[in-house]
Amino acid sequence: MSDYGFENGSVFLDVREPNEWNVEHIPGALHIPQGRVEAEVERALPDKSAPIVVYCRSGRRSASAAQTLEALGYSDVRNLEGGIVAWMEQGRPVVSESSLAPEQLHRYSRHLLIPEVGEAGQRKLLDARVLLVGAGGLGSPASLYLAAAGVGTVGIVDADVVDESNLQRQIVHSTARLGEPKVRSAADTITALNPDVTVLQFEERLTSENADRIIGEGWDVIVDGADNFPTRYLVNDASVWHGIPVVHGSIYRFEGQVTVFKPREGPCYRCLFPQPPPPELAPSCAEGGVLGVLPGVIGSLQANEALKLALGIGTPLIGRLLLFDALTATFDEVALRRDPACPVCSDSPSITSYIDYVEFCAGGTHA
């Protein structure tokens, strides 16, 4: 209905879920979720002749609830067509029991409707700190989705500048930013997407000399989008020593993989790859190529895992390696186990400080 002249003297009954009610509701409304209306409404509204206006978000659930009320003997029941959405579009008053700012309630409204997220989860995301190692193919989609989700602090480590060959897959950058540092380009895109996000820029290559300074800044999750083995081993070792979970991703041509390395709860990168493969068996994307959309798939999966870890929900890919083949559009999963003799994450580690990772990956020793 579009005419709200009936509202004086009417009882407004909100049949949405509690997380929806907390975001916004009509002042003075009674709240009974749709699934509990039949069991609870007679106790809450004993006068079956009182005029009742039932509403939900768009008018569909409330239409069903109105039929329930009529079947229970309520004689003056109406459904608010268009729900609270139409109510607000007409500029009518609502109240909120949320600690989020009004603009945040609308920006994250689809998160707030999810019971596993809700307002408490959104606050966790706004307080979360996620470090991205790399602002390239994997870091691009991961950074965009983490920022869109409202992760409050995003750190980016990358020493490169935007090159035209990047733009086939690195969607956080643009032609207008050719030659700019990738961290600056990514920060500009993220800030334009969501001003709630603080971007910390580390325009440098992650090394043994700066790892503790950068990774020691209190990150909740590290998203590893590195494209070389020395950095991957370095990220792994630092994350174990700092106790930070890593969402690992890698891509090559049409194949990608994702897993989560969480210290003390599962294997680490060295458990999976005790030794790096010879360079001729592990060419980079620059040498072997990569389908432009593949990092979008893998980077998005990395963002998904990072959000789950930040929220503390679901089953992260700990001890599970997810493999994706873009040519066949299939996923496979491989179980991973912690190596009791791992030189870094075992109970008796032989590597307890940073090493020369370039030499290690070139076939030298770790000493």
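Since this is a predicted model, take the numbers as computed values, not measurements.

## Digging into the pattern of salt bridges
In step 1: Summed over all chains, the structure comprises 11 salt bridges.
In step 2: Asp 237 is paired through a salt bridge with Arg 270; the nearest N and O atoms lie 2.9 Å apart. Highlighted residues: Asp 237 in helix H11 (residues 229-242) and Arg 270 in helix H12 (residues 269-272), separated in sequence by 33 residues. Accessibility classification places Asp 237 together with Arg 270 in one group, the buried group.

## Quick look at the sheet that holds strand S8 (residues 221-224)
In step 1: Across the sheet, 8 strands lie side by side as S7-S6-S5-S8-S9-S10-S11-S12; this open sheet has mixed pairing. In this open sheet, the two edge strands, each paired with only one partner strand, are strand S7 (198-202) and strand S12 (330-335). For this sheet, the mean angle separating the axes of adjacent strands, direction not counted, is 15 degrees.
In step 2: Across 4 bridges, strand S5 (residues 129-133) lies against S8 in parallel orientation. What sits directly across from Leu 131, in S8, is Ile 222.
In step 3: Against the sheet, helix H8 (residues 139-149) makes contact with S5 and S8, and its axis sits at roughly 165 degrees relative to S5, the strand it touches most.

## Structural notes on the packing of H8 against helix H14 (residues 294-311)
In step 1: Contact pair H8 / H14: the axes reach a minimum separation of 7 Å and the direction vectors enclose 40 degrees. Relative to H14, the element H8 is oriented oblique. Crossing of H8 against H14: the hand is right-handed. For the pair formed by H8 and H14, the contact residues are Pro 141, Ala 142, Tyr 145, Leu 146 and Ala 149 on the first element and Pro 295, Gly 296, Gly 299, Ser 300, Ala 303, Ala 306 and Leu 307 on the second.
In step 2: Grouping the amino acids of the contact of H8 with H14 by side-chain chemistry returns 9 nonpolar, 3 polar and no charged.

Calculation criteria
- Counting restarts for each chain: residues are numbered from 1 in the order of the written sequence.
- With pLDDT at 70 or above as the cut-off, local features in this predicted model cover only qualifying residues; side-chain atom pairs require 80 or more to be listed or tallied, and sums for whole chains, interfaces and linings still use all residues.
- For the side-chain quantities, the full set of heavy atoms in the structure was used; hydrogens and water were omitted.
- Every case where a carboxyl oxygen of Asp or Glu lies within 4 Å of a side-chain nitrogen of Lys or Arg is listed as a salt bridge.
- Numbered from the N terminus, helices here are DSSP runs of H or I no shorter than four residues, and strands are runs of E no shorter than two.
- Three labels apply to residues, based on accessible area from a 1.4 Å probe with only protein chains included: buried if under 20% of the type maximum, exposed if over 50%, partly exposed otherwise in between.
- Pairs of strands are assigned from DSSP output, requiring at least two bridges between the strands.
- Whenever a helix is involved, its axis is fitted only over the stretch in contact; in every case the axis is a line through C-alpha atoms, and angles between N-to-C directions fall within 0 to 180 degrees.
- Only heavy atoms matter for contacts: two residues are in contact if any of them lie within 4.5 Å across the pair.
- In what follows, roughly perpendicular refers to angles from 65 to 115 degrees, roughly parallel to angles under 35, roughly antiparallel to angles over 145, and oblique to any angle outside these ranges.
- Crossing handedness is read from the near helix: turned anticlockwise from the far helix by less than a right angle, it gives a left-handed crossing, and turned clockwise, a right-handed one.
- Polar here means any residue outside two lists: the nonpolar Ala, Val, Leu, Ile, Met, Phe, Trp, Tyr, Cys and Pro, and the charged Asp, Glu, Lys and Arg; Gly therefore counts as polar.

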